[in-house]
Amino acid sequence: MTRFDDIYSQPDPRSYFGTLGALGYQTPHHAQSIFRRLLPLAGFPKDPVRPDGRDAEPRATVLDICCSYGINAALLNHHVTLQELYDRYTSPRIVNLTTAELIEADRKYYAARRRPDAVPVIGLDIAAPAIAYARATGLLHAGFAENLETAPPSPTLYRATRSTRLITVTGGASFLSARTFRPLLEGRQEPPWVAALVLRTGSYQNIADGLARFGLTTQKDTSRTYPQRRFTDTDEQQHAIAAVSAAGDDPRGKESDGHFHTALHLSRPPAHTATHPLHTLLQEP
């Protein structure tokens, strides 16, 4: 699978949008409506507190793992679409700005489009430049450049996630294991929900098993899949087709037609799983 490590080490997201836009990357677009529907079900108040200061303690937060430049936070909390962001960050006017000028422009851009029901989003990613940008623009309430696969969370990260009611993952699940989630759920009387869009080329079982130890039941939505991006070459496509087939899924009409596809995995308390079937949660209001 092609790696795009270099686009996450830039001081702003222009390379991210230019590179992934050319491949038709769509996962944050699909996640936008899914995550908005899950917020009230996961325990977010109807009148969310939007703290003026970043150090204020919100009543409920979203933790976005592998958040990169805060793209999910931008889509969750603002009247914008992913296509509008692609158009913005690849436009000649934006391309010619310095990073400092772009950050200032982005602060105004997102402030003017902030939704009244916006919720605090905490970002976690190993890419420090991406976290710094998302913090500077105000997309993240808090951000942490830490790798929980290799080290325990800092005390500041641990405290910041005590109010988390929903953990989201739209990219990077293939590089994660239960090790990342364990310290985020330990010591919690009521663990947060976990919603992940996972490539069909890999297994989510290790994470699901880890979440089960904290009383969360994981269900995979088998009713549909979500296109992720086009393949970079035929070798990548053939590898994906073989991996999906080996996992017992059918690549026809999906990977065989030229795109990676993801499936939604939702982890929540078993009582809610029994009373609210997964397919009903995803229906349009």
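The structure this text deals with has already been given above.
Residues numbered from 1 in each chain as written. Predicted model: local features only at pLDDT ≥ 70, side-chain atom pairs only at ≥ 80, totals over all residues. Heavy atoms only, no water.

Trainee: For this particular structure, what's the right way to read the layout of surface pockets?
Mentor: Roughly 920 Å³ of volume is contained in the largest pocket. Sorting the residues of the lining of the largest pocket by element identifies α1 (14-21), α2 (27-41), β1 (61-65), α3 (71-77), β5 (193-199) and β7 (226-230) as the ones contributing at least two each. Ranked by residue count, the leading element in the lining of the largest pocket is β5, at three residues. Here the residues of the lining of the largest pocket sort into 21 nonpolar, 12 polar and seven charged. (1 Å grid on protein atoms, 1.4 Å probe; cavity = no way out; pocket = protein on both sides within 12 Å on 5 of 7 lines; lining within 4 Å. Points joined across faces, edges and corners; volume = space filled by probe spheres on them. Helix = DSSP H or I, 4+ residues; strand = E, 2+ residues; numbered from the N terminus. Nonpolar A, V, L, I, M, F, W, Y, C, P; charged D, E, K, R; others polar.)

Trainee: For this particular structure, what's the right way to read the packing of aromatic side chains?
Mentor: What describes a pair of aromatic rings is the distance from one ring centre to the other and the angle between the planes of the rings. This structure, assessed with the given rule, holds eight aromatic pairs. Taking the centre distance of 5.9 Å and the plane angle of 70 degrees together, the rings of Tyr8 and Tyr16 count as edge-to-face. Ring centres 5.1 Å apart and planes at 80 degrees place the aromatic pair Tyr16 and Phe17 in the edge-to-face group. For Arg88, the ring lying beneath its charged end belongs to Tyr89, and the centroid distance is 5.7 Å. The ring of Tyr158 has Arg162 sitting right over it, with the charged end atom 4.0 Å from the ring centre. (Phe/Tyr/Trp six-rings, centres within 6.5 Å; stacked < 30°, edge-to-face > 60°. Lys NZ or Arg CZ within 6 Å of the ring centre and 35° of its normal.)

Trainee: Is there a simple way to think about the packing of α1 against helix α4 (residues 82-89) in this case?
Mentor: Two measures define how a pair of helices packs: the angle their axes make with one another and the distance between the axes. Contact geometry of α1 with α4 gives a least axis separation of 9 Å together with a crossing angle of 115 degrees. The orientation of α1 relative to α4 falls into the category roughly perpendicular. The handedness of the crossing between α1 and α4 comes out as left-handed. The segment α1 lies against α4, with Arg14, Phe17, Leu20 and Gly21 engaging Leu82, Leu85, Tyr86 and Tyr89. Considered class by class, the residues forming the contact of α1 with α4 number six nonpolar, one polar and one charged. (Axes fitted to C-alpha atoms, helices over the stretch in contact; angles between N-to-C directions. Parallel < 35°, antiparallel > 145°, perpendicular 65-115°, else oblique. Left-handed = near helix turned anticlockwise from the far one by under 90°. Contact = heavy atoms within 4.5 Å.)

Trainee: Honestly, helix α7 (residues 128-136) in this entry has me stumped. Any pointers?
Mentor: Note on helix geometry: an α-helix contains 3.6 residues per turn, so any two residues three or four positions apart are oriented the same way. All of the buried residues in α7 are Ala130, Ile131, Tyr133 and Ala134. The buried side chains of α7 occupy one side of the element, clustering within an arc of 160 degrees when seen end-on. Packing partners of the buried residues in α7 comprise α4, α6 (99-111), β2 (121-124) and β3 (142-144). (Buried < 20%, exposed > 50% of the residue type's maximum accessible area, 1.4 Å probe, protein only. Arc of directions from axis to C-beta.)

Trainee: How should the side chain of Thr137 be read in this particular structure?
Mentor: Tracing the backbone shows Thr137 in the loop between α7 and β3. Residues within four places of Thr137 in sequence aside, it is in contact with Ile103, Asp106 and Arg107.

Trainee: Any chance you could explain the state of the cysteines here in plain terms?
Mentor: Think of a disulfide as a covalent bridge from one cysteine sulfur atom to another cysteine sulfur atom. This model, assessed by the stated rule, comprises zero disulfides. Here Cys66 stays unpaired: no disulfide links it, and the sulfur of Cys67, its closest cysteine neighbor, is 8.1 Å away. (Disulfide = S-S within 2.5 Å.)

Trainee: What is the right way to read unusual backbone geometry from this model?
Mentor: With the exception of glycine, most residues fall at negative phi, and the peptide bonds are largely trans. In this structure, Cys66 is a non-glycine residue whose phi angle is positive, near 60 degrees. Here Cys66 is to be found in the loop between β1 and α3. Its identity is not glycine, yet Ser68 carries a phi of approximately 45 degrees, on the positive side. Turning to its location among the elements, Ser68 is positioned in the loop between β1 and α3.

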